[in-house]
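Summary of structural features
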Amino acid sequence: MNLFDTLAGGLYDAYIERERVARVVGQLLWGSDMSAMYRSMRQIGELPPGATVLDVPCGGGVALRGLRPGQRVRYLAVDLSPAMLRRAARVASREGLRQVEWIEASAEALPLPDATADLAVAYNGLHCFAHPAAAVAEIARCVRPGGRLVGTAIVRGELPRADRLIAAFAREGSFGPGGTRGDLERWLAEAGFVDLRLEADGAVIAFAASRT
Ligand SMILES: C[S@@+](CC[C@H](N)C(=O)[O-])C[C@H]1O[C@@H](n2cnc3c(N)ncnc32)[C@H](O)[C@@H]1O
């Protein structure tokens with residue numbers, strides 16, 4: 001069972017949805033104020049009419065804050081956890097975001113045609129996935145040539161106290177095998193992403209890349 005279907009998902013979502021709380025928690029846990037993540041979400045609202053966004057994993061819908069009510073884009077929100085999808089759907093309903101489509105699926109096997117998305121967003125997902133390299137390759141398949149991927153991931157090897165926490169979360173089951181900054185770069189490059197930009201803040205890497 002996905003731990004995000006349990007109370008753990010609710011607790012996580014309660015802080016990540018509150019930017020000011022997330023900055024404090026992020027600093028305590030990961031040595032990061034998480035500001036790069038919230039900043040990066042703004043580009044969703046700048047997409048032109050007709051664009052398609054792939055949000056994987058959408059979790060409880062934190063990236064929906066980048067979307068504007070009435071913005072004429074197709075927004076595909078994907079997560080493995082029905083409970084997290086329900087939370088995200090409540091956020092969308094509260095904010096009047098009717099353009100969101102909900103997809104219960106694994107990031108490693110997206111039920112989408114090739115080159116569907118103009119922009120993929122992957123916040124705080126890769127360190128949770130069982131097979132992060134496979135998920136990056138699958139996301140790459142679904143991004144059109146010239147499209148972009150942006151996201152954040154918690155990585156090993158940046159901060160010793162974060163490494164201990166990552167190991168504890170992996171033992172408990174909410175984190176997957178994860179990787180280092182170098183692993184993340186390799187997953188992106190091997191999947192066909194170029195123009196890689198990685199910015200570390202504590203153990204959190206904010207990344208951006210373009211699809212060849
Ligand atoms: C830490 S949350 C991040 C969610 C959201 N993007 C955010 O930043 O708050 C990780 C999410 O990954 C989901 N997840 C775990 N494994 C998955 C997989 N293989 N495919 C899709 N989602 C997965 C969990 O259900 C959870 O909602």
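Residues numbered from 1 in each chain as written. Predicted model: local features only at pLDDT ≥ 70, side-chain atom pairs only at ≥ 80, totals over all residues. Heavy atoms only, no water.

**Things to note about the site of the ligand**
In the neighbourhood of the ligand, 19 residues make up the surrounding shell, with Y12, P57, D79, A107 and Y123 lying closest. Contact distances for the ligand include 3.3 Å between a nitrogen atom and a backbone N or O atom of L80. The contact in question runs from a nitrogen atom of the ligand to an N or O atom on the side chain of S106, over 3.2 Å. Within the complex, the protein chains bury 96% of what would otherwise be the 600 Å² of accessible surface of the ligand. Considering only residue class, the shell around the ligand consists of 13 nonpolar, five polar and one charged. (Near = heavy atom within 4 Å. Polar contact = N/O pair within 3.5 Å; in protein donor to acceptor, adjacent residues only side chain to side chain. Areas by Shrake-Rupley, 256 points an atom, 1.4 Å probe, with all protein chains shown as cover. Nonpolar A, V, L, I, M, F, W, Y, C, P; charged D, E, K, R; others polar.)

**Brief notes about helix α7 (residues 181–190)**
Burial in α7 covers these residues: D183, L184, W187 and L188. Across the axial projection of α7, the buried residues extend over an arc of 135°, all falling on one side. Directly after α7, the chain includes G192, whose backbone phi takes a positive value near 105°. (Buried < 20%, exposed > 50% of the residue type's maximum accessible area, 1.4 Å probe, protein only. Helix = DSSP H or I, 4+ residues; strand = E, 2+ residues; numbered from the N terminus. Arc of directions from axis to C-beta.)

**Considering the packing of aromatic side chains**
This model, assessed by the stated rule, comprises five aromatic pairs. Ring centres of W30 and F175 lie 5.8 Å apart, and the angle between their planes is 20°; this geometry places the pair in the stacked category. Within this pair, whereas W30 is found in helix α2 (residues 19–30), its partner F175 is found in the loop between α6 (160–172) and α7, the two being separated by 145 residues in sequence. A relative accessible area of 11% means that F175 is categorised as buried. (Phe/Tyr/Trp six-rings, centres within 6.5 Å; stacked < 30°, edge-to-face > 60°.)

**Digging into the sheet that holds strand β5 (residues 143–154)**
Overall, mixed pairing links the seven strands, which are arranged β3-β2-β1-β4-β5-β7-β6 in an open sheet. Two strands lie at the open edges of the sheet, namely β3 (100–104) and β6 (193–201), each paired on one side alone. Strand-to-strand twist across the sheet, computed as the mean angle between neighbouring axes with direction ignored, equals 15°. When strand β1 (residues 52–55) meets strand β2 (residues 74–79), the two strands line up parallel, connected through four bridges. Within the sheet, the bridge partner assigned to L54 lies in β2 and is L76. Here helix α5 (residues 132–142) sits on the sheet and contacts β1, β4 (117–123), β5, β6 and β7 (204–211); the angle it forms with β5, its principal contact strand, is near 150°. Those strands touched by α7 are β5, β6 and β7, and its axis lies near 160° from that of β6. (Pairing = 2+ DSSP bridges. Axes fitted to C-alpha atoms, helices over the stretch in contact; angles between N-to-C directions. Contact = heavy atoms within 4.5 Å.)

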